[in-house]
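Descriptive structure summary
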Amino acid sequence: MNFIYTTSIDKIRNLKARKKVIQGGSSAGKTFGIIPILIDKATRIKGLEISIVSESVPHLKKGALKDFLKIMKATGRYFDSRYNATDRKYTFANGSYIEFFSPESVLGARRHILYVNEANNITYEDYHQLSVRTEGEIYIDFNPANEFWAHTEVLKEPDSEGIILTYLDNEGRPKNVDDEFAIAREKANK
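Just so it is clear, the structure is predicted and the values come from calculations on it, not from any experiment.

Some remarks on the overall build of the protein
Scanning the protein for helices and strands turns up 7 helices and 8 strands. The C-alpha radius of gyration computed for the protein amounts to 17 Å, which stays within 12% of the reference 16 Å derived for 190 residues, consistent with globular compactness. Here the C-alpha coordinates of the protein stretch approximately 55 × 40 × 30 Å along the principal axes. When the 190 residues of the protein are sorted by exposure, 47% land in the buried category. For the protein, contacts bridging at least 24 residues in sequence account for 70% of all contacts bridging at least 6. Summed over all atoms, the accessible surface of the protein reaches about 9600 Å², with 50% contributed by carbon and sulfur. Between the centroid of the 28 positive side chains of the protein and the centroid of its 26 negative side chains there is a distance of 4 Å.

See the structure below:
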């Protein structure tokens, strides 16, 4: 896998509010946009604590954690000795770390940065418990299935902003994605 700096990454980087709400459909590059930004922050800022949360551990392993490991390896930043697979935690040379967990681990720990992956699959109460324990930025991503607490609660707050990404923002998408969307458009126009 080659790592490609995409329009999605650029658009996400340009969000300035504390709470960054990122909506996007299939292959829009949400996860592949947010994770490289978090990796970059972890390598540049000593002692940074970053949590990536999703609905369940199996979901993390198939999604955000898998993508994190791919990106780390593709960019030559991965060292096996720094990854604790049991705790799902990668510690960088400067003491910063990125950890992966599900909402059942919500209470307790504090962090500097939070990323809630596919947020429409967790409750607002879980999000709230995570957010009050987060000192800095919060990234919230989801597919545009239906309106939920990111729309009705978070985006109404003064320290939040949102963007909508499409597959066209992800120049790293596989060619078959364009083919599948073309087939879908053709079927819809019949």
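Comments concerning the sheet that holds strand β4 (residues 89–91)
The strands that make up a sheet are held in pairs by hydrogen bonds between backbone atoms, and each pair lies either parallel or antiparallel. With respect to topology, 8 strands assemble into an open sheet ordered β3-β4-β5-β2-β6-β7-β1-β8, the strand pairing being mixed. Each having just a single partner strand, β3 (83–84) and β8 (160–165) make up the two edges of the open sheet. Here helix α4 (residues 64–74) sits on the sheet in contact with β2 (49–53), β3, β4 and β5 (97–101), set at roughly 155° to β5.

Some remarks on the environment of A182
Looking at the secondary structure, you find A182 in helix α7 (residues 175–188). Its relative accessible area of 33% is what places A182 among the partly exposed residues. Taking the C-alpha atoms as reference points, A182 and A145, separated by 37 residues in sequence, lie 20 Å from one another.

Some points on the side chain of S51
Turning to its location among the elements, S51 is positioned in strand β2. Classification of S51 by relative accessible area gives buried; the value is 0%. Polar contacts involving the side chain of S51 include one to the side chain of R111, which spans 2.8 Å. Other than its neighbours up to four places away in sequence, S51 contacts E99, F101, R111, I113, L114 and Y115.

A few points about the nonpolar core
L38, I52, F68, I98 and Y139 are the most contacted members of the largest nonpolar core, which has 32 residues in total. Of all the secondary structure elements, the ones that give two or more residues to this core are α1 (7–13), α2 (31–44), β2, α4, β5, β6 (113–116) and β8. When near neighbours in sequence (up to four residues on either side) are disregarded, I98 contacts L38, I39, A42, I50, I52, F68, R88, K89, Y90 and F92. If you look at the next biggest cluster of nonpolar residues, it comprises 16 residues, including V53, L114, V116 and Y127.

Digging into the pattern of salt bridges
Enumeration according to the criterion identifies 8 salt bridges in this entry. With a shortest N-O distance of 3.8 Å, R13 and D40 are connected by a salt bridge. Taken together, the positions of R13 in helix α1 and D40 in helix α2 put the pair 27 residues apart, joining distant regions of the chain. Of the charged contacts, one joins D159 and R18 as a salt bridge, the two residues approaching to 4.0 Å between their closest N and O atoms. With a gap of 141 residues between them, D159 in the loop between α6 (149–152) and β8 and R18 in the loop between α1 and β1 (19–24) connect regions that are remote in the sequence. Judged by relative accessible area, D159 falls into the partly exposed class, the value being 27%. Residues joined in a network through salt bridges with shared partners are R18, K19, E157 and D159.

Rules of the game
- Residues numbered from 1 in each chain as written.
- Predicted model: local features only at pLDDT ≥ 70, side-chain atom pairs only at ≥ 80, totals over all residues.
- Heavy atoms only, no water.
- Helix = DSSP H or I, 4+ residues; strand = E, 2+ residues; numbered from the N terminus.
- Rg over C-alpha atoms; globule rule 2.2 N^0.38 Å.
- Buried < 20%, exposed > 50% of the residue type's maximum accessible area, 1.4 Å probe, protein only.
- Contact = heavy atoms within 4.5 Å.
- Areas by Shrake-Rupley, 256 points an atom, 1.4 Å probe, with all protein chains shown as cover.
- Lys, Arg positive; Asp, Glu negative; His and termini not counted.
- Charge placed at Lys NZ, Arg CZ, Asp CG, Glu CD.
- Pairing = 2+ DSSP bridges.
- Axes fitted to C-alpha atoms, helices over the stretch in contact; angles between N-to-C directions.
- Polar contact = N/O pair within 3.5 Å; in protein donor to acceptor, adjacent residues only side chain to side chain.
- Core = buried A, V, L, I, M, F, W, Y, C linked by side-chain atoms within 4.5 Å.
- Salt bridge = Lys/Arg side-chain N within 4 Å of Asp/Glu carboxyl O.

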